[in-house]
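Coordinates in review
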Amino acid sequence: MALDIRRFIQRFVEEAADHLPRLREGISALEQGHADREQINELFRAAHTLKGSSRMLKLVPITALAHSTEELLSALRDGSLTATPTVTSLLSQAVDGLADFVSRLAEGATGDDLPAADEALCSALENAAHGQAPSQPSTPPPLTSVPVPSTALATESDLRLSDTVRVRLDRLDDVIRLMGEVLSGHHHLHTLVDQARALSTTLPAEQQAPFHSFHRELKDSVLSHDSLMSDLHDRALQMRMLPLSVVFDPLAHMSRELAQSLGKQVDCRVRGSEIELDRQMIDRLSDPLIHLLRNALDHGLEPPAERQAAGKSPRGQLVIEAWQDADWVVVEMRDDGAGIALDVVRQKALAKQLISEEQLNALSEQETLELIFLPGFSTKSMITDFSGRGVGMDVVKRTVVDDLNGDLQLASERGSGTRFTLRLPLSLAMMRVLLVSVGGVNIGVTAPYVSELVECSSQSFIDAAGQRTLILRNEFVPVVSLAQLLELPETTAVTDTTLLLVVHQRHQKLALIIDSLIDERDRVIKPLPVHLRHLPLVSGMVSMGRNALVSLLHVPALLESTRHTAQRPSHERTSSTLAKRILVVDDSLNTREIEKDVLEAWGYHVTLAENGRDGLAKALAEPFDAVLTDVEMPVMDGFALTARLRENEAYRDRPIIIITSREKEADRRRGIEVGADAYIVKGSFDQNNLVETLQALLG
């Protein structure tokens, strides 16, 4: 079925109406010498977005002019060019030209109706980008004003009122914002109800009956309005919801054209395009999805001849799918291409000095894959216009995780394809929030990052290389004081139990010591004001009523900041110990890291693997003096790994230690049967016992 491009022209006009003022504002700052690096980056991204969006809609003149503008801004961004009056003049002419094109579209023009881009202006922009004297561009056409469309009236019998009303997006945003304020104020009434109940106990007996009557009526009134207020706010949010088809349909069309330009063939299938997301989410999601599409076509899918040689159909398969999972929307893009070559990823990471060789050797297969999210990483030997020129996978990840409060997962199998999975909240306007008290301050944590609340005694913690650690089922979870992390005063109350808030992002967990849980409910999320956006550990705010605001903890940044920050004790190291290489295999990121820290504190050289298959591949690729493995792992468990290693001559007599949460005698016997030298239960884990066992086995 042919795609009706006209459906999306209006959306492009609205999008351009946001970007063009930013471009003008940025160019003005350039002229005055006030533009910093980030503002130049914003200019580049605005031009890049206009180029990508216009290309999808076949708006060729806009694409050409935006591309030339992007070339010049790219030179400014990388510092090879400075903002001279000639440069800013060219940029101003380019923005005028783009604005004129957008005005024509707003008047009803299509891509075919637009005049060609000014070749002289495009050449001047690109010449200036490459340090050449720009040729004199022709005077750009004057900016055409956008008239307000009028409705022609026919005979009375033909006069009909439309069942829809067009509302400016900023006005709709104002309504939703005000609804959020009203809802926050209503939540405060619950506090007043509780205060009224407490006040009743201080009144004389003769006043108790009438006050109880007042309290009951107040409580009933507040409760009766609860569902009404929530429903009203939900209805307001629904007015801003859009189906994913506004993004998915152009992507499908774009995939065929871009594949053809690369000499490739692709069948793009779209599923779940009827799923709705907040307009704010849709707008911010467009750029990451466009880049993932380009990545799949450029890096993933092979040319037809190469596919046929590998026994595949010459036409590649690309699937863009969405489905709803409770309060989340999952968007998945997968292809059946060549997959990601881990050896190429390793070589590129080392060549660009993004990681040291020692650090690289310690990474699991999944962690190696995720090196593509590092800033500046690219497996392409030459960056082209098609591959996005600097708008890399790091920007995709930052947008999904930081801007959209979501999660991005990557899976790839060599020769079979790659899958990117985005997990996103339905809206950024309201989310489930847990309020906790720490050091006399209230802190909010959005529910998607909360794993569980745990109450335990201080004796439950173990010391793992200087890091306080909790053994939670089959995992080692680091324990830290949230008050210390936030530089708040520690509570002096002495209790037998400790309350822990376990937060997580994907495979990483952290147990935060808190004072108490205050509340849990859906709350309106407020963005940070401009002067607070530099705070890395705060992602937003929620209102507690009466103008009291509570900061929301930015869990991804918190996890990143606490990783590898604990102080490690030093031990007496011998030359024989320093030479020993240990392979640690466990599907828990926390457990791998903690065992690695323990062993490295004693001078061992440690390499990590995330499952039995990954561990087996690494063990066969290079020799290790000993192997530590978990039992319960995906793909290949620890028993199977131990048995496979014992079949290999190199590991027939090498120490293999099983560390697991399984305590049954039958499991111990099975461990011995497959060839393990020692069996350590995590519940009774002691780092000294582990090191002593390892030293004894290594002789």
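Along each chain, numbering runs from 1 in the same order as the chain's sequence is written. For a predicted model such as this one, the threshold for reporting local features is a pLDDT of at least 70, and the threshold for listing and counting side-chain atom pairs is 80 or more; totals across whole chains, interfaces and linings nevertheless cover every residue. To obtain the side-chain values, all non-hydrogen atoms of the structure were used and water was disregarded.

Counting from the N terminus, the helices are DSSP H or I runs at least four residues long and the strands are E runs at least two residues long. Looking only at helices and strands, the chain features 22 helices and 23 strands. Relative accessible area decides the class of each residue, using a 1.4 Å probe on protein chains only: under 20% of the type maximum gives buried, over 50% gives exposed, and in between gives partly exposed. Within the chain, buried positions represent 50% of all 699 residues. For the chain, the accessible surface area stands at approximately 34,100 Å², while carbon and sulfur atoms represent 50% of it. All accessible areas in this document rest on Shrake-Rupley with a 1.4 Å probe, and a residue is counted as covered only by the protein chains that are shown.

The next point concerns the pairing of strand β6 (residues 407-413). Two strands pair if DSSP finds at least two bridges between them. Pairing of β6 with strand β7 (residues 417-425), which is carried by 7 bridges, proceeds in the antiparallel orientation. Looking across to β7, one finds that L410 is bridged to F420. Connecting β6 to the antiparallel partner β7 that follows it, the hairpin turn spans 3 residues, and G415 within it adopts a positive phi of roughly 90°.

As a further point, take the pattern of salt bridges. A carboxyl oxygen of Asp or Glu within 4 Å of a side-chain nitrogen of Lys or Arg is what we treat as a salt bridge. If you walk through the whole model with that rule in mind, you get 36 salt bridges. The salt bridge involving K312 is made with E302; its shortest N-O contact spans 2.9 Å. In this pair, K312 is assigned in the loop between α10 (304-309) and β4 (316-325) and E302 in the loop between α9 (279-300) and α10, connecting sequence segments 10 residues apart. Assessed through its relative accessible area of 7%, E302 is described here as buried. A salt bridge links K682 to D586; its shortest N-O distance comes to 3.2 Å.

So, about empty space enclosed by the protein. Points on a 1 Å grid, built from protein atoms alone, make a cavity when a 1.4 Å probe fits but cannot get out and make a pocket when they are open with protein on both sides within 12 Å along at least 5 of 7 lines; residues with an atom within 4 Å of a point are the lining residues. Grid points are joined across faces, edges and corners, and a volume is the space filled by probe spheres set on the points. Inspection of the entire model under this criterion finds 2 cavities of 30 Å³ or more. Put simply, the largest cavity is a space of about 140 Å³. F8, R11, F12, E15, S53, M56, L57, V246, V247, P250, S286 and I290 together form the lining of the largest cavity. For the lining of the largest cavity, the elements supplying multiple residues, two or more each, are α1 (6-31), α2 (37-56), α8 (245-261) and α9. Ranked by residue count, the leading element in the lining of the largest cavity is α1, at 4 residues. The class makeup of the residues in the lining of the largest cavity is 8 nonpolar, 2 polar and 2 charged. The domain boundaries here were taken from an automatic or database domain assignment. Mapped onto the domain boundaries, the lining of the largest cavity takes at least three residues apiece from domain 1 (5-130) and domain 2 (171-378 + 391-428). Residue polarity is assigned by list, with Asp, Glu, Lys and Arg as charged and Ala, Val, Leu, Ile, Met, Phe, Trp, Tyr, Cys and Pro as nonpolar; anything else, Gly included, falls into the polar class.

Here we take up the packing of aromatic side chains. Here a pair means two rings of Phe, Tyr or Trp (six-membered ring of Trp) with centres within 6.5 Å. Their orientation is stacked below 30 degrees between planes, edge-to-face above 60, and tilted elsewhere. Taken as a whole and judged by the stated rule, the model has 1 aromatic pair. For R654, the ring lying beneath its charged end belongs to Y651, and the centroid distance is 5.9 Å. Note on criteria: charge over ring means Lys NZ or Arg CZ within 6 Å of the ring centre, with the direction from the centre no more than 35 degrees off the ring normal.

Glancing now at the sheet that holds strand β23 (residues 678-681). The strand order across the open sheet formed by 5 strands is β20-β19-β21-β22-β23, and the pairing between neighbours is parallel. Edge positions in the sheet fall to β20 (605-609) and β23, since each has one partner strand and no second. Neighbour to neighbour, the strand axes of the sheet diverge by 20° on average, direction disregarded. Across 5 bridges, strand β19 (residues 581-585) lies against β20 in parallel orientation. The residue of β20 that forms the bridge with V584 is L608. Taken strand by strand, helix α18 (residues 589-601) contacts β19, β20, β21 (626-629) and β22 (656-660), and its axis lies near 170° from that of β20. To obtain each axis, a line is fitted to C-alpha atoms, and for helices this fit is confined to the stretch in contact; angles are then taken between N-to-C directions over 0 to 180 degrees. Working rule for contacts: check all heavy atoms of both residues, and any pair within 4.5 Å makes them a contact.

L244 and L289 are the most contacted members of the largest nonpolar core, which totals 95 residues. It is helix α4 (residues 85-106) that provides the largest number of residues to this core, a total of 10 residues. The residue makeup of this core includes at least three contributed by each of domain 1 (5-130) and domain 2 (171-378 + 391-428). Residue contacts for L244: discarding those within four places in its chain leaves G272, S273, I275, L277, I282, L285, A322, V329 and V331. Residues A465, L599, L694 and L698 belong to the second largest nonpolar core, which totals 26 residues. Buried Ala, Val, Leu, Ile, Met, Phe, Trp, Tyr and Cys residues form a nonpolar core when they are joined through side-chain atoms within 4.5 Å.

The end-to-end C-alpha distance of α4 is 31 Å, a good match for the 32 Å that 22 residues give at a rise of 1.5 Å each. Directly beyond the C-terminal end of α4, a positive phi value near 115° is found at G108. Expected span of a helix: the number of residues minus one, times 1.5 Å.

Turning to the sheet that holds strand β13 (residues 475-481), a few remarks are in order. The pairing of strands in a sheet happens through backbone hydrogen bonds and is either parallel or antiparallel. One open sheet holds the 6 strands; their spatial order is β10-β14-β15-β13-β12-β11, and the pairing between them is mixed. Pairing within the sheet leaves two strands with one partner each, and these edge strands are β10 (450-457) and β11 (461-464). Taken over all neighbouring pairs, the strand axes of this sheet differ in orientation by 40° on average, direction set aside. Strand direction decides the pairing type here: β10 and strand β14 (residues 497-505), joined by 7 bridges, are antiparallel. Note on β14: the bridge partner recorded for L453 is L501. Running at roughly 80° to β13, α18 makes contact with β11, β12 (467-472), β13 and β15 (508-514) of the sheet.

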